[in-house]
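Breakdown of the fold
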Amino acid sequence: MIRFDHSKRVTFCDGWTRRDFLHVGSLSCAGLSLSQFNAMASQGDIDEKKEKNCIMLFNLGGPSQLDTWDPKPLAPAEIRGPFNPIATNVNGISISEIFPRMAQHADKMGLVRSVYHTAAAVHDTGHQMMQTGRLFEAGIEYPHAGCVHGFLNGPRGEIPSHVVLPESMGPTGGNLPHGQNAGFLGKTHDPFVLNADPSEVDFKVPDLLPPEYLTAIRVDRRRRLRELVDEEAEKFESNSNARLLDANFQQAYTLMSSRNAREAFDLSLEKTAVRERYGMNRFGQCCLLARRLIEAGVRFVTVNTFLTVFNEITWDIHGSKPFTSVQGMKTIVAPMFDQAYSALLEDLQDRGLLEDTLIASLGEFGRTPKINPAGGRDHWPQCWSVFFAGGGIQGGQVVGESDDIGGHPKDRPVTPAEVVASIYQVLGIDLESALPGPQERPLPLVEYGVQPIRELL
Amino acid sequence: MSQVSRITVLLVSVCTAIGLCSGGVLKAASQKSQDVDPVIVILPTDVVLTGQHARQRLIVEAVVDKQFVADWTERATFRSADEQVAVVDQSGMITPVADGHTRITAQIDQLQTSISIEVRNMKKPSRWNFRNHVLSVLTKMDCNSGACHGAAAGKRNFRLTLRGYDPQSDYETLTREVLGRRVVKTRPSHSLVLLKPTGAVSHGGGKRFSTDSLEYRVISEWIASGTSGPSENDSLIESIEVFPKQALMKVKETQQLSVQARFSDGHIEDVTRWCKFETADANIASVTPQGAVTLQGYGEGVVTVWYLNLVDVARVTSPFPNTIPVEVFQHAENFNFIDRYALQKLESLQIPPSPLCSDSQFIRRAFLDAIGILPTVQETTNFLKDRSLEKRRALIDMLLARPEFIDYWSYKWSDLLLVSSRRLPDEAMWSFYTWVRRSVASNQPWDEFAHDLVTARGNTLNNGASNFFVLHKDPKDLIENTSVALMGMSITCARCHNHPLEKWTQDDYYGMVSLFSRVKMKNGDAAGDVTVFLSDQGEVPHPRHGRPLNPQPLDGSPIAMEGTGDRREFFSQWLTDSENPYFSRALVNRVWANFMGRGLVESVDDLRVTNPASNEALFAGLAEAFVDSGFNVRQLIRTVMNSATYQRSSETVSGNEDDQKYYSHYILKRLSAEVLLDCFSQVTGVPTVFANYPRGWRALQLPDSSIDSYFLDSFGRPLRETTCECERSEDPSLSQALHLSNGPTLNNKLRAKGAIDRMLEKGLAEESVLEELFLAALSRYPSDREKEAILVTLHEFTPAEVSQPEDEKKQRRQLYEDLFWAILTGREFLFNH
């Protein structure tokens, strides 16, 4: 039996708790159907208007702050790098010339130029901290912000609450967990991972639908028989992986029988012009898919711009193989991001979704101010830039400032914990709440005293 | 209790106190021992105070039944027999006064105990030493941690070596850089190294210590006395020891730890104050920066103690709140030494063992774990019918001799050695795989296997093992993956700096690199044809000073640069020496995890002092037996499989439900990707088709991990890119459930001509179909209840009337397809249990 156990009960007007609601949802054959859900929503049991969603764009590899969103034209050549700054549609804010389209959206963006972390300068630690707010220590794996959102608020109808596109982060050299799962909340709260490339011609979600020869009656028969056999063995209930496997089957049934879910993943329902606007590449189509999923009720979508830093052109511009050169970033990575990001912003705005959807664009660290002998830049967690748009945040501003060479925060230093706290704040999650940690130990959502970035809100 | 027996207990306990410190098997405070009044002892027992700066803090432990059960230091009053030699305060801190001997006594109510101590060198001037004191302070205060000035790039232009691994360079950084402002000899209090951490001027790392602390005194007095640097004559730290090493405690109780360091000149120091304490599992034990451990939950908690780059561990145990009669452990099945150690551990933690599993469970479990296939219906029924008492032993011997045994273990070691056509041409990949396979088939002793691997040379198509060097052209990659594969140890961190979690230094690392720096390769004419040979020159420079280091295997002794032949032979000798604990343990741990679902050390690739085994005595016993058997892997497997510990039921009994670590019951394992796919083929009678492989080839027979298969990838097959058990995943996921439900792998097998058709052709009754399916998939007969429930459900779905006999046949087939599907996706099938 799938169960979404919550640390906090939310009581609805008719006396139901959210726990009851979710429990019923998982008991019923196909989950709570969309019509039931809508009925509840129309009765005011679920106030959709107030609920915000999030799309997290994770710039895996660690974009260079100096070559992207924090240019330093007055610094010496070996620091400022090969690109010139360009003006944006907000007076006083300039970004690198490799993002001409983004420059037209600075009025929507809250740019934070003073993020830093103090852990080891490997990709994996930054992934952990930027997605969960914490570094993993003493054997405790913390949950991704999207999993926390899903855990506290449950899925909307049949569709998963948190989806990762196109795949989970792969190896980036540290052999550490990346913080893209539910961690101690338990694997039942892990995100749904697409595991496919939506830019491929015959893209579909792998195995989402039964093959044609399996009629509805047979699907039902299989399921009943399976449950009969499974009931016998109580010992499986004491093992977390065995419980998880059962929960996965329940989730699979729910997803398979949902028209809403099926259509949400179907990119062929989009006009070609719309698809092309996002860019006919993996990241572009993931951004488009993210928009469709949010429309269909997904609460949180995480898009990984890349899956690994090896043998792929990414933000990881060490300058030498198997990593990326500055030129590779200029000709491939930046145009791809520039196009998809601006398309996503415009599209969400046109559809009236931007106000309720936070777009958080994050990276795991910055890069060395001084260009290395290979012509690239190495890992530098001492200072980098992230930016937010939508979800009601204050656009058209820069929060924090780096020093003359983009090496350290000059004022208003911001930690990864504060970045994640800001996401929680926008999503309406009480920062004072606690999560059920390992062995029922309550763990605070954020460490005591961690504040969201007030300037953005 | 009578006066006489109390005295006896006291004597016994005091006599064994020293033995206790070095560890012994802990027994839970059973009903019997709780009646015994505790005695007290002082720790540490060996106290010599050398010089004016010396201090020693004492701990008073309550002892019951030869075990430390409580920290009673706070309750004790201390007394020095001769205050002209040393004084002791009421926290147990001894301060030396003058050279000589005296006794320190601790008293709690009627209990009393004492130790003799010695004070030396009080007349000699005592100076703080850079290497042993200043660096200790900087390390304890985190100044040189990876997050602060120990980062590769330093912080704010101040860069120290990580945890002080290079004293000379740190000394120069402190005294020479920034125009000497960091230390000001003429006015020590104006030194930045004191102004910053005390918060007198702004410091990114905040305030670290105050001006009235001992830390401040050490640094300021060191500066005032002339900032002497590290010297050849410094006494070097040789070892550290934590007290108590083991303690039995109740949840929420606290135990203070004390740490002594021994130096090369023979003197001992209490270094507790500058040690760092860490805990591996904060849910069982937490520890303060001062070394006070508090138990948070039941089980065994391990605290790691660091002093400079030396490590020791202390274990604190809190038995589960069960009262298990001692007979439960005495009468539990005990087939070989594994069970003896496992039961001792269970008894100490008060976790009852589950009974042995049924014969059905055993045959299925043993087949899957040892050879990766299911027993046939015939094999299962024969085994169930067999009345012999020795039938499990006989089955194990039979499995070890099966050809599938070779498939299974060749696959496993190919994972370990990264056999894959991703990085090797097909011909070379096959040559490497065949070499592994031949070794498994002949049960080559593991030390010879390792030797042949690490000293391989010659043509890669003739000697498959040479491909190991082709896969790792950079000697740095080579030593890193070799260490993980053969010693279960990651030394990658030491490539750039001292290992932060282990004792390995960057020098150890480059000594290892030198062992392999003369291996060269030459491409031949054919694909995959490479000749691996040894050159008489070629070195890899150490990145810090640009000079190569003498070849040296980790903590082995170095050899000369020239004229020593194949340096790899020297490495191989050190590696496979029976005194090298890592080599035998790494293999034992891998084999153990294969059968028991969890390594004695987790994760399996992470053997290090700071990551202790869940049952050290068992681990040591297994490793010793493995060495004694001449590194006989098959013998090790036989021993594990014949233990009662392996044969316990996966069903829990009251009191062991929460145990996932101490082997009180068999741990459920999801079948691995390859085994699962093969089992689907076996039960449906429809083999998987792998491109370019003959029909009927099983997944476990593939030499290569880069054969396209969505199924294998989604169920967690490793890529074989990095040597790490973590490459393989056995976690269930939503994609797997979707794939089994809707994907082609299982569905196509059910639709293809196979077992279902054979059952239909034989015209088996539904009940017999059910029975055969259960035996084939689950190695058991269906229960009456299952039979009835399933047959009723089958009929509910069978349409009453069908017009055409053809339709009837088709519908019956679909009915069976669905029945097969239900069994093959059930948890009883997907798990080994």
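Residues numbered from 1 in each chain as written. Chains lettered and ligands numbered in written order. Predicted model: local features only at pLDDT ≥ 70, side-chain atom pairs only at ≥ 80, totals over all residues.

Turning to the overall build of chain B, a few remarks are in order. Within chain B, the secondary structure is distributed over 30 helices and 25 strands. Taking the principal axes of its C-alpha atoms as reference, chain B extends roughly 110 × 80 × 50 Å. Evaluated residue by residue, chain B yields a buried proportion of 48% over its 833 residues. Summarising the internal contacts of chain B: among those between residues at least 6 apart in sequence, 64% fall at separations of at least 24. (Helix = DSSP H or I, 4+ residues; strand = E, 2+ residues; numbered from the N terminus. Buried ≥ 20, exposed ≤ 12 C-beta atoms within 10 Å, placed from the backbone. Contact = placed C-beta atoms within 7 Å.)

Glancing now at the overall build of chain A. Along chain A, the regular secondary structure elements total 12 helices and 16 strands. A total of 457 residues make up chain A; the buried ones form 53% of that total. In chain A, the proportion of contacts linking residues at least 24 apart, taken out of those at least 6 apart, comes to 71%.

A few words on the confidence of the model for chain B. Residues and elements named next belong to chain B. For chain B, the mean per-residue pLDDT works out to 89, and 94% of the residues sit at or above 70. Predicted confidence is poor over residues 1-33, with pLDDT under 50, and the contacts of this stretch with residues over four places away or in other chains come to 52 contacts. Scored as a whole, the predicted complex attains pTM 0.78, and scored at its interfaces, ipTM 0.80. (pLDDT = per-residue confidence, 0-100.)

The next thing to look at is the sheet that holds strand 1 (residues 53-58) of chain A. Residue and element names in this part refer to chain A. Taken in spatial order, the 8 strands make up an open sheet running 6-5-7-1-8-11-4-12, and their pairing is mixed. Each end of this open sheet is capped by a strand with a single partner; those strands are strand 6 (192-193) and strand 12 (397-399). Where strand 1 and strand 7 (residues 300-304) come together, 5 bridges link them in parallel fashion. Bridged to isoleucine 55 within strand 7 is valine 301. Those strands touched by helix 12 (residues 416-426) are strand 1, strand 4 (109-115), strand 8 (357-362) and strand 11 (384-389), and its axis lies near 170° from that of strand 8. (Pairing = 2+ DSSP bridges. Axes fitted to C-alpha atoms, helices over the stretch in contact; angles between N-to-C directions.)

This part covers the packing of helix 10 (residues 282-296) of chain A against helix 11 (residues 326-350) of chain A. Residues and elements named next belong to chain A. Between helix 10 and helix 11, the shortest axis-to-axis distance is 9 Å and the interhelical angle comes to 15°. On the basis of their axis angle, the class for helix 10 and helix 11 is roughly parallel. When the axes of helix 10 and helix 11 are compared, the crossing they make is right-handed. Contact residues: helix 10 offers Phe283, Gly284, Cys287 and Arg291, while helix 11 offers Met336, Gln339, Ala340, Ala343, Leu344, Asp347 and Leu348. Residues that form the contact of helix 10 with helix 11 fall into these classes: 7 nonpolar, 2 polar and 2 charged. (Parallel < 35°, antiparallel > 145°, perpendicular 65-115°, else oblique. Left-handed = near helix turned anticlockwise from the far one by under 90°. Nonpolar A, V, L, I, M, F, W, Y, C, P; charged D, E, K, R; others polar.)

Before going further, it helps to spend a moment on the interface of chain A and chain B. Listed by partner, the interface residues are 47 residues for chain A and 49 residues for chain B. Secondary structure elements with two or more residues in the side of chain A that touches chain B: strand 6, helix 6 (216-231) and helix 7 (240-256) of chain A. Counting residues per element, the side of chain A that touches chain B draws most heavily on helix 7 of chain A, which supplies 10 residues. Class assignment for the residues of the side of chain A that touches chain B results in 25 nonpolar, 10 polar and 12 charged.

Quick look at the sheet that holds strand 15 (residues 268-270) of chain B now. By way of backbone hydrogen bonds, the strands of a sheet pair with one another, either parallel or antiparallel. All names here are of chain B. The sheet built from 3 strands is open, its strands ordered 11-14-15 with antiparallel pairing. Edge strands, defined here as strands with exactly one partner in the open sheet, are strand 11 (237-243) and strand 15. Adjacent strand axes in the sheet meet at a mean angle of 25° when their direction is disregarded. Inspection of the sheet shows strand 14 (residues 258-263) paired to strand 15 by 3 bridges, in the antiparallel sense. Within the sheet, the bridge partner assigned to alanine 261 lies in strand 15 and is glutamate 269.

Next up on the list: the domain arrangement of chain A. Domain parsing of chain A yields domain 1 (1-30 + 206-258) and domain 2 (45-205 + 265-456). One C-alpha centre belongs to domain 1 of chain A, the other to domain 2 of chain A, and the line joining them spans 32 Å. (Domains from an automatic or database assignment.)

Our next topic: the nonpolar core. Core analysis: the biggest nonpolar cluster contains 260 residues, and A:Cys287, A:Ala290 and A:Val301 have the highest contact counts within it. Broken down by element, the residue count for this core peaks at 11 residues, all from helix 11 of chain A. Here this core gathers at least three residues from each of two domains, domain 1 (1-30 + 206-258) and domain 2 (45-205 + 265-456) of chain A. What A:Val301 contacts, discounting residues up to four positions off in sequence, is A:Ile55, A:Val163, A:Leu165, A:Ala290, A:Leu293 and A:Ile294. Counting 70 residues, the second-largest nonpolar core is a separate cluster that includes B:Val47, B:Leu58, B:Leu135 and B:Ala314. (Core = buried A, V, L, I, M, F, W, Y, C linked by C-beta atoms within 7 Å.)

Let's shift gears to the environment of B:Ile479. All names here are of chain B. Looking at the element boundaries, isoleucine 479 is found in helix 16 (residues 475-487). A tally of 27 C-beta atoms within 10 Å means that isoleucine 479 is categorised as buried. Along the backbone, isoleucine 479 and serine 490 are 11 residues apart, and their C-alpha atoms lie at a distance of 9.6 Å. Setting aside its immediate chain neighbours within four residues, isoleucine 479 contacts Met512, Val513 and Phe516.

With that settled, the discussion passes to the pairing of strand 5 (residues 67-71) of chain B. Residue and element names in this part refer to chain B. Extensive coverage of strand 5 is indicated by the burial of 5 of its 5 residues. Across 4 bridges, strand 4 (residues 59-64) lies against strand 5 in antiparallel orientation. Each residue of the ladder has a partner; that of valine 64, found in strand 5, is glutamine 67. Remark: 2 residues form the turn of the hairpin made by strand 4 and strand 5, two consecutive strands paired antiparallel; aspartate 65 in that turn has positive phi of roughly 55°.

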